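Residue-level structural notes
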Amino acid sequence: MHTATAAVLRDYGTTPRAEPIELPPLRPDEVLVRIGGVGICHTDLTAAAGGVPIPLPAVLGHEGAGTVVEIGPDVTDLDVGDPVVLGFDSCRTCRNCARGRPAYCTRFAPLNYGGRRADGSTTLRDASGAPLHGNWFGQSSFASLAIATERNAVRLPDDVPLVPAGPLGCGLQTGAGAVLRVLRPEPGSSIAVFGLGAVGMAAVMAARIAGCGTVVGVDPNPRRHALARELGATETLNPDEHTDPGRRIREITGGGVDHAVEAVGTEAVIRQALASLTIPGTCATLGLRAGRNPVTVDQTHLLNGRTLTGVIEGDADPHVFLPELVRLWQQGSFPVEKLIRTFPFERFDEALAAVRAGDVVKAVLTFDPQE
Ligand SMILES: [Zn+2]
Ligand SMILES: [Zn+2]
């Protein structure tokens, strides 16, 4: 049995609080990871507010990176001491997993939001021995130790810094995958990115990697614009300064963009993104909102060769795509570190407040390596 410190969410609508936790012995397919850094993703906030049905009490956190400190007897591809980044969990065997699309695993919800192992047991206990729900995205990494499996732990090169690597596992994979794996823009084509948080910034970096000629970054927070330009945006737009942001993008691009990435998830922004498209054009919507999220779309607008598609986790297989992103990072074309501000785990509240206020693009919690 191991002990660790974790941020435990006991009631929806409250801030997770640091508590001592216990981790029972590993199952044969599990790995124990000492977390070096874990990003705060918007989905953690949505879940803490009650917008994702994870049972409580629970430990959230799903952008963890760290070092493997123990492995179960059935683990073959990882060893103690390996640096890893943790992605979402998938069964690796269903129809969609088998064809390389684990983001659409038929068991995605129970594996990532169920709070338990497939056999119904929990991976975590509180100090009194009462069960805590873990397995959030196969990791529950708002904790100094996390239990994952080979299915979602991806080996990192030895020379990659662990603390900034965690967000590759969700937010950065989501934005970059939407561009490089789903939209696949041709060199010289145009793209607009709505919402310049970590997902949107990853989409901007990916657009530059893909060779897009025009990259329009759209966000009401003007503090985001300079960074977006540094990362690859050729134009930036504050939608609050225009009555019709879609029309404004059509004007500045001479007829509209070939592609749009929508990383906000509100009906207003989805409609702006669709309105910014040329003919033909494709919009990928990525922003997760709690519960049902109906959007009215003008079918006449779509008939002209326009597509609206939804994308989870960049439609990527973390075992394939994360090593690609790491290579791009090491080559300097995917500068993850520019998005990140670190906070010691003890300053969780401060990190959350900075995320909610839009003061940071990506907050990463760090742990004392001695703990
Ligand atoms: Zn599957
Ligand atoms: Zn996430």
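This one's a predicted model, so the numbers in the text were calculated from it and none came from an experiment. (Residues numbered from 1 in each chain as written. Chains lettered and ligands numbered in written order. Predicted model: local features only at pLDDT ≥ 70, side-chain atom pairs only at ≥ 80, totals over all residues. Heavy atoms only, no water.)

**Remarks on the overall build of the protein**
When its secondary structure is counted, the protein shows 11 helices and 18 strands. Relative to the 2.2 N^0.38 estimate, which gives 21 Å for 371 residues, the radius of gyration of the protein is 20 Å and therefore close to what a compact globule would have. By principal-axis analysis of the C-alpha atoms, the protein measures approximately 65 × 40 × 35 Å. For the protein, the proportion of its 371 residues judged to be buried stands at 56%. (Helix = DSSP H or I, 4+ residues; strand = E, 2+ residues; numbered from the N terminus. Rg over C-alpha atoms; globule rule 2.2 N^0.38 Å. Buried < 20%, exposed > 50% of the residue type's maximum accessible area, 1.4 Å probe, protein only.)

**Focus: the packing of aromatic side chains**
For the coordinates displayed, the defined rule picks out nine aromatic pairs. With 5.6 Å between their ring centres and 70° between their planes, Tyr113 and Phe137 make a pair best called edge-to-face. Here Tyr113 is found in helix α3 (residues 108-113), whereas its partner Phe137 is found in the loop between β8 (131-132) and β9 (145-149), with 24 residues between them in sequence. Members of the aromatic cluster, connected to one another through ring pairs, are Phe88, Phe108, Tyr113, Trp136 and Phe137. (Phe/Tyr/Trp six-rings, centres within 6.5 Å; stacked < 30°, edge-to-face > 60°.)

**Observations concerning the nonpolar core**
Among the nonpolar cores identified, the biggest contains 58 residues, and Ile21, Ile40, Phe142 and Leu365 are the most heavily contacted of them. Leave out the neighbours within four places in its chain, and Ile40 touches Leu45, Glu63, Phe142, Ala351, Leu352, Val355, Lys362, Ala363 and Leu365. In this structure, Leu168, Leu231, Val336 and Ile340 belong to the second largest nonpolar core, which totals 46 residues. (Core = buried A, V, L, I, M, F, W, Y, C linked by side-chain atoms within 4.5 Å. Contact = heavy atoms within 4.5 Å.)

**Focus: the coordination of the zinc ion (ligand 1)**
Within the first shell, the zinc ion (ligand 1) binds the protein through Cys91 (SG), Cys94 (SG), Cys97 (SG) and Cys105 (SG), at distances of 2.3 to 2.4 Å. Here the zinc ion (ligand 1) binds four donor atoms, and the angle range of 105 to 116° at the metal identifies the geometry as tetrahedral. Mapping the donors of the zinc ion (ligand 1) onto the primary sequence yields the spacing C-x2-C-x2-C-x7-C. Taken together, the residues Cys91 in the loop between β6 (83-86) and α2 (95-98) and Cys105 in the loop between α2 and α3 connect sequence positions 14 residues apart. Owing to a relative accessible area of 14%, Cys91 belongs among the buried residues under this scheme. (Donors = N, O, S within 2.8 Å, 3.2 Å for Na, K, Ca; no water. Tetrahedral: all angles 85-135°; square planar, octahedral: opposite > 155°, others 65-115°.)

**Observations concerning the pattern of salt bridges**
Following the criterion strictly, the structure yields 18 salt bridges and no others. Residue Glu22 is joined to Arg125 by a salt bridge in which the shortest nitrogen-to-oxygen separation is 3.5 Å. With Glu22 in strand β2 (residues 17-23) and Arg125 in strand β7 (residues 124-126), this pair connects stretches of sequence that are 103 residues apart. For Arg155, the salt bridge identified is with Asp82, shortest N-O distance 3.3 Å. Separated by 73 residues along the polypeptide, Arg155 in strand β10 (residues 153-155) and Asp82 in the loop between β5 (64-71) and β6 bring together distant segments of the chain. Taking the relative accessible area as the measure of exposure, Arg155 reaches 37% and is therefore partly exposed. Since its relative accessible area comes to 11%, Asp82 is described here as buried. Taken together, the shared-partner salt bridges in this structure form one network comprising Arg10, Glu19 and Asp126. (Salt bridge = Lys/Arg side-chain N within 4 Å of Asp/Glu carboxyl O.)

**Description of the state of the cysteines**
Cysteine pairs can be linked by a disulfide, which is a covalent bond between their two sulfur atoms. Under the definition given, this model contains zero disulfides. Between Cys212, a free cysteine, and Cys283, which holds the nearest cysteine sulfur, the sulfur-to-sulfur gap is 14 Å. A relative accessible area of 12% places Cys212 in the buried class. (Disulfide = S-S within 2.5 Å.)

**Looking at the layout of surface pockets**
In this model, the second largest pocket occupies a volume close to 320 Å³. Listed by contribution, the elements that provide at least two residues to the lining of the second largest pocket are α3 and β9. When the residues that make up the lining of the second largest pocket are grouped by side-chain class, the tally is six nonpolar, six polar and nine charged. (1 Å grid on protein atoms, 1.4 Å probe; cavity = no way out; pocket = protein on both sides within 12 Å on 5 of 7 lines; lining within 4 Å. Points joined across faces, edges and corners; volume = space filled by probe spheres on them. Nonpolar A, V, L, I, M, F, W, Y, C, P; charged D, E, K, R; others polar.)

**Re helix α8 (residues 267-275)**
Residues Val269, Ile270, Gln272, Ala273, Leu274 and Ala275 constitute the buried set of α8. The elements touched by buried residues of α8 are β11 (190-194), α7 (245-252), β14 (257-262), β15 (277-285), α9 (299-303) and β16 (306-310).

**Remarks on empty space enclosed by the protein**
Enumeration over the complete set of coordinates arrives at one cavity of 30 Å³ or more. What the largest cavity holds in volume is close to 50 Å³. Considering the residues around the largest cavity, the lining is formed by Thr14, Pro16, Asp44, Leu45, Ala48, Leu60, Phe142, Phe348, Leu352 and Arg356. Mapped by element, the contributors of at least two residues to the lining of the largest cavity are α1 (42-48) and α11 (348-356). Of the residues assigned to the lining of the largest cavity, the class counts are seven nonpolar, one polar and two charged.

**A closer look at the pairing of β2**
Of the strand pairs in this sheet, strand β1 (residues 2-9) and β2 are connected by seven bridges, and their pairing is antiparallel. What sits directly across from Ala6, in β2, is Glu19. Sheet analysis places β2 next to β7, joined by two bridges and oriented antiparallel. Note on β7: the bridge partner recorded for Glu22 is Arg125. (Pairing = 2+ DSSP bridges.)

**What to know about the UniProt feature "domain: Enoyl reductase (ER)" (unreviewed entry) in the protein**
The UniProt record annotates "domain: Enoyl reductase (ER)" (unreviewed entry) at residues 13-365. Helix makes up 27% of residues 13-365 and strand 24%, with an end-to-end C-alpha separation of 20 Å. (UniProt positions renumbered as here; feature names shortened; annotations may be inferred.)

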